[in-house]
Amino acid sequence: MDERLDPTDLGRLRWRCRRGLLENDLFVERFFRDHEATITKRQAQGLMALMDLPDNDLLDLLLGRRELQGELDRPEVHEVLAQLRRPTVPASA
């Protein structure tokens, strides 16, 4: 099992994931809301690889307009991208 991030590394990851494009921020905020307590070091590596992309390229991936290619075509990046793309499940009333 992959080791979870400690609170300090999680805070750094959150800071690094801040984006200039609101649409990307919405995906990332939902990811942290849903997975913050269970993010592993492996997932953090996948997320960091995505955060190295320009905003428009990241949005194209998040919306499924394009798929992972080249250096990004790695299991940890696929895993995080699938989690980022997962639709929001409405809270029970």
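None of the values given here were measured: they were computed from a predicted structure.

**Student:** For the side chain of aspartate 25, give the residues involved together with the corresponding values.
**Tutor:** Here aspartate 25 shows up in helix H2 (residues 22-35). Although buried, aspartate 25 forms no salt bridge, and the nearest oppositely charged side chain, arginine 19, lies 6.1 Å from it. Among residues more than four places away in sequence, those in contact with aspartate 25 are Cys17, Arg18 and Arg19.

**Student:** Describe the pattern of salt bridges, listing the residues and the values that go with them.
**Tutor:** This model, assessed by the stated rule, comprises eleven salt bridges. Note that aspartate 9 is salt-bridged to arginine 12, the shortest N-O span being 3.2 Å. Separated by three residues within a single helix, aspartate 9 and arginine 12 lie in helix H1 (residues 7-16), roughly one turn from each other. A salt bridge links glutamate 79 to arginine 42, with the shortest nitrogen-to-oxygen separation between them at 2.4 Å. With glutamate 79 in helix H5 (residues 75-85) and arginine 42 in helix H3 (residues 41-51), this residue pair connects regions lying 37 residues apart in the sequence.

**Student:** Account for H2, with residues named and values stated.
**Tutor:** Over its 14 residues, H2 extends 20 Å from the first C-alpha to the last, a length consistent with the 20 Å expected when each residue adds 1.5 Å. Residues of H2 that are buried: Asn24, Asp25, Phe27, Val28, Arg30, Phe31, Phe32 and His35.

Rules used throughout
- Residues numbered from 1 in each chain as written.
- Predicted model: local features only at pLDDT ≥ 70, side-chain atom pairs only at ≥ 80, totals over all residues.
- Heavy atoms only, no water.
- Helix = DSSP H or I, 4+ residues; strand = E, 2+ residues; numbered from the N terminus.
- Buried < 20%, exposed > 50% of the residue type's maximum accessible area, 1.4 Å probe, protein only.
- Lys, Arg positive; Asp, Glu negative; His and termini not counted.
- Salt bridge = Lys/Arg side-chain N within 4 Å of Asp/Glu carboxyl O.
- Contact = heavy atoms within 4.5 Å.
- Expected span 1.5 Å × (residues − 1).

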